[in-house]
Amino acid sequence: MLSRWFNRSNRLTHSDPAQRLQAIQALSPEQADTAHATLLELARHDSDAAVRTAALEQIRNPDALQQLLREEQVAEVAAERIAAQIHGGQRCAAHDHPLVLAARIRKAGAADVDALLPLLQDAQQCAELALRLRDTARQQVLEHPLLNDEAGLTALLRAARGKDKTCHRHAKERLEQIKAGRQACSEISQRISEIDASIHKALGNEPAEPQALLNHRQRLLKLQAM
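Here is what the cut-offs are and how they apply
Residues numbered from 1 in each chain as written. Predicted model: local features only at pLDDT ≥ 70, side-chain atom pairs only at ≥ 80, totals over all residues. Heavy atoms only, no water. Axes fitted to C-alpha atoms, helices over the stretch in contact; angles between N-to-C directions. Helix = DSSP H or I, 4+ residues; strand = E, 2+ residues; numbered from the N terminus. Parallel < 35°, antiparallel > 145°, perpendicular 65-115°, else oblique. Left-handed = near helix turned anticlockwise from the far one by under 90°. Contact = heavy atoms within 4.5 Å. Nonpolar A, V, L, I, M, F, W, Y, C, P; charged D, E, K, R; others polar. Core = buried A, V, L, I, M, F, W, Y, C linked by side-chain atoms within 4.5 Å. Buried < 20%, exposed > 50% of the residue type's maximum accessible area, 1.4 Å probe, protein only.

### Section: the packing of helix α7 (residues 75-87) against helix α8 (residues 98-107)
Moving on, step 1. The geometry of α7 relative to α8 is characterised by a closest axis approach of 8 Å and an angle of 55° between their N-to-C directions. By the angle between their axes, α7 is oblique relative to α8. In the crossing of α7 with α8, the sense of the turn from one axis to the other is right-handed. Contacts from Ala75, Glu76, Ala79, Glu80, Ile82, Ala83, Ala84, Ile86 and His87 of α7 reach α8 at Leu99, Val100, Ala103, Arg104, Arg106 and Lys107.
Moving on, step 2. Here the contact of α7 with α8 is built from residues that sort into nine nonpolar, one polar and five charged.

### Re the nonpolar core
Moving on, step 1. Judged by nonpolar contacts, the single largest core of 28 residues is most densely connected at Leu129, Val141, Leu147, Leu156 and Cys167.
Moving on, step 2. Not counting residues up to four positions away in its chain, the partners in contact with Val141 are Val113, Leu117, Cys126, Leu129, Ala130, Leu133 and Leu147.
Moving on, step 3. If you look at the next biggest cluster of nonpolar residues, it comprises 27 residues, including Ile24, Leu39, Ala55 and Val100.

### Focus on the packing of helix α10 (residues 123-132) against helix α12 (residues 150-160)
Helix packing for two helices is described by the angle between their axes and how far apart those axes are.
Moving on, step 1. The interhelical angle for the contact between α10 and α12, taken along N-to-C directions, is 45°, at an axis separation of 9 Å. Between α10 and α12, the angle falls in the class oblique. Classified by chirality, the crossing of α12 by α10 is right-handed. Residues Ala123, Gln124, Ala127, Ala130 and Leu131 of α10 touch α12, and the partners they reach there are Gly152, Ala155, Leu156, Ala159 and Ala160.

Okay, structure coming up:
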């Protein structure tokens, strides 16, 4: 049995990529742990894409996989693998790495919301997570500060278009409320300006009662500034 393991181990560095691939796929979890350094090297530098992916998938330590996030050829596959391991209950220092976070969002369910919400860094991530979820979990995401301004709601509207009617409607209604509020503020500001102009004119024509008018003007200016 030991000789078979050494033969398989030698095949991991065989000149034929098909032989390397077969050797990797035949490894037991225990053998993969023993060949950890070789698998890491194959995942980083092997000339064959299938060999790189197979080697990566045999690495069970998420902190070891973290090293592969710097390798362009396998970074996304490594992120998916790390996300799957985190989802399965393992811990990893790269839990908030952008690629890992994106992969975690793609796998997210209701049970993952509390862990993911503090890690969200932009409206697009929030929108993608909202589209993944339903009911109370979705509502938690929709209430995130990043989705409660005009830029965030616009990102949600675009992400949900043609994919999710509930999120699309939520974003559209909130944007309409913002637009209506802005219009109302503009109208109030215009009216205050008109009243202020009238007071200013009255102050020039009626010097006998300046203080009451000045006080009223100050109140209007404070209201306009709110």
